[in-house]
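Observations on the three-dimensional arrangement
Spelled out, the chains give:
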Amino acid sequence: MKETEKHNDRIAKMIFASVYPHYITKVESKGRTLQELHQVIEWLTGFDKNKLQQLIKEKVTFETFFEKAKLHPNATLIKGTICGYKIEEIENPLTQKARYLDKLIDELAKGKKMEKILR
């Protein structure tokens, strides 16, 4: 799939708080916990539970969310396809970071062991 500027712009303007409940539903419906979700998010972004809740309360966009994040140095090891896009081929840095998060949450929901998810 070819990424478009419209697609990248849509991700940048999306409110993190509007997507977060879907992350919770996805992992909990597959038997994983909210604590595990927070662990994955913290590994990728550096945001602890309190900072995450603050960003949700502020209704930050994905653009602001990832501007404030301190991405884990091993984030570039996240590979594979998510939403029809090969993560390592995504050119837009923000879209790639959002897809890193999607991929980690997907792996968590699919039952992958935490030590494999947190590369």
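I will try to describe carefully the structure that is included in this document.

Thresholds, definitions, all that
Residues numbered from 1 in each chain as written. Predicted model: local features only at pLDDT ≥ 70, side-chain atom pairs only at ≥ 80, totals over all residues. Heavy atoms only, no water. Helix = DSSP H or I, 4+ residues; strand = E, 2+ residues; numbered from the N terminus. Rg over C-alpha atoms; globule rule 2.2 N^0.38 Å. Buried < 20%, exposed > 50% of the residue type's maximum accessible area, 1.4 Å probe, protein only. Contact = heavy atoms within 4.5 Å. Areas by Shrake-Rupley, 256 points an atom, 1.4 Å probe, with all protein chains shown as cover. Lys, Arg positive; Asp, Glu negative; His and termini not counted. Charge placed at Lys NZ, Arg CZ, Asp CG, Glu CD. Axes fitted to C-alpha atoms, helices over the stretch in contact; angles between N-to-C directions. Left-handed = near helix turned anticlockwise from the far one by under 90°.

What the protein contains, in helices and strands, is 7 helices and 2 strands. Listed by position from the N terminus, the elements making up the protein come as α-α-α-α-α-β-β-α-α. For 119 residues, the compact-globule formula gives about 14 Å, and the C-alpha radius of gyration of the protein, at 13 Å, lands near that figure. On the principal axes, the C-alpha backbone points of the protein span a range of 35 × 30 × 25 Å. When burial is assessed residue by residue, the protein has 47% of its 119 residues classed as buried. Sequence separation of at least 24 residues holds for 67% of the intrachain contacts in the protein that already meet a minimum separation of 6. Counting every atom, the protein has about 6,800 Å² of accessible surface; 52% of that belongs to carbon and sulfur. Averaged over its 23 positive side-chain charges, the protein has a centre that lies 3 Å from the centre of its 17 negative ones.

Non-glycine residue Lys59 carries a positive phi angle of around 55°. Inspection of the secondary structure puts Lys59 in the loop between helix H4 (49-58) and helix H5 (62-68). Judged by its relative accessible area of 56%, Lys59 falls in the exposed class.

Relative orientation and spacing of two packed helices are given, respectively, by the angle between their axes and the distance between those axes. Remark: helix H1 (residues 5-13) packs on helix H6 (residues 93-109), axes separated minimally by 9 Å, with the N-to-C direction vectors making an angle of 60°. Between H1 and H6 lies a crossing whose hand is left-handed. Between H1, through His7, Asn8, Ile11 and Ala12, and H6, the contact on the second element is made entirely by Leu94, Thr95, Ala98 and Arg99.

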